[in-house]
Amino acid sequence: MTVYFIGAGPGAADLITVRGARRLADCRVCLYAGSLVPSELLAECPPDARLVDTAQLDLDAITAELTAAHRDGHDVARLHSGDPSVFSAVAEQMRRLDAAGVPYEMVPGVPAYAAAAAALKRELTVPTVGQTVVLTRIASRATAMPETEDLATLGRSRALLVLHLAARYADRVVGELLPHYGADCPAAVVAYASRPEEQVLRGTLGEIAEAVKTAGIVRTAVIMVGRTLGAEQFGDSHLYSPERDRRIC
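This structure is a prediction, so every number in the text was calculated from the model and none was measured.

Visitor: Describe the sheet that holds strand β3 (residues 50–53), with residues and values.
Guide: One open sheet holds the 5 strands; their spatial order is β3-β2-β4-β1-β5, and the pairing between them is parallel. Edge positions in the sheet fall to β3 and β5 (104–107), since each has one partner strand and no second. Here the strands of the sheet are splayed against their neighbours by 20° on average, with no regard to which way each runs. Sheet topology note: the strand β2 (residues 29–32)/strand β4 (residues 76–80) ladder contains 4 bridges and is parallel. Along β4, the bridge assignment pairs Y32 with L79. Together, β1 (3–7), β2, β3 and β4 form the strand contacts of helix α2 (residues 59–71), whose direction differs from that of β2 by roughly 165°.

See the structure below:
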């Protein structure tokens, strides 16, 4: 039997992938993060499926559920919000499944930053303006960041920064990035991307912290900072240029 780590998407139930929905429909056991995964997705599970909300479970308890289901001959859907490749804490689960000899697969999902970009109606990589996106977070009460990945270091690149789990610390984010991006740099915050309660804030780096406080946003949000967010005058991509040799991929 197999454990499927399935990306549930950023919030809207219809943003799960077709593969993810099919895997969900085939699994007799489903572990899901109740505070983050839309409850509508659970309707995709078989009517008699065992549903386990992992919101109050630690890693040992989650692993025990996964290995027990495998031992009983059941495929397991392990639903994670967004995409399991980013900030999902699946690495330690997979490590334990490896040790237990339990097979697993990963099913990609729509990440939060992609849903946020859609809400902003922005391409995050704009020709001649910015071609790099840095996905990161800040250390607070969660696991410490590696010492080479602090905001001051990452900010020196002036690439588009996408910060997860940082809305509560918007003042700190602004303070550390101002020396590198400047107060007039475009910035945005998207909370609950793709959900009915979605909130979108646009402004400059100098303004965004106060806007976050005024809106009362403290969680389930991404902060974006970078010039591509406000780019209007830029060169066309070479992708569709009449000068491009289309015989070469």
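Now that the structure is up, let's keep going.
Visitor: I'd like to hear about the nonpolar core, residue by residue, with values.
Guide: Formed by 27 residues in total, the largest nonpolar core has its most connected members in L161, L163, L177, V189, I217 and V225. Within the residue set of this core, elements represented by two or more residues are α5 (151–155), β7 (160–164), α6 (170–181), β8 (186–191), α7 (205–215) and β10 (221–225). The leading source of residues in this core is α6, at 5 residues. Among the nonpolar cores identified, the runner-up in size contains 18 residues, and I16, C27, C30 and V107 belong to it.

Visitor: Break down the sheet that holds strand β6 (residues 133–137) for me, citing the residues and quoting the values.
Guide: An order of β6-β7-β10-β8-β9 is seen for the 5 strands of this open sheet, with the pairing classed as mixed. The sheet is open, and its two borders are formed by β6 and β9 (199–204), each paired with just one other strand. Going across the sheet, the axis of each strand differs from the next one's by a mean of 15°, ignoring polarity. Across 5 bridges, β6 lies against β7 in parallel orientation. Looking at the pairing, L135 lines up with V162 of β7. Across the sheet, helix α4 (residues 112–120) lies against β6, β7, β8, β9 and β10, angled at about 65° from β10, the strand it touches most.

Rules used in this analysis
- Residues numbered from 1 in each chain as written.
- Predicted model: local features only at pLDDT ≥ 70, side-chain atom pairs only at ≥ 80, totals over all residues.
- Heavy atoms only, no water.
- Pairing = 2+ DSSP bridges.
- Helix = DSSP H or I, 4+ residues; strand = E, 2+ residues; numbered from the N terminus.
- Axes fitted to C-alpha atoms, helices over the stretch in contact; angles between N-to-C directions.
- Contact = heavy atoms within 4.5 Å.
- Core = buried A, V, L, I, M, F, W, Y, C linked by side-chain atoms within 4.5 Å.
- Buried < 20%, exposed > 50% of the residue type's maximum accessible area, 1.4 Å probe, protein only.

The values are spatial; any link to function lies outside them.
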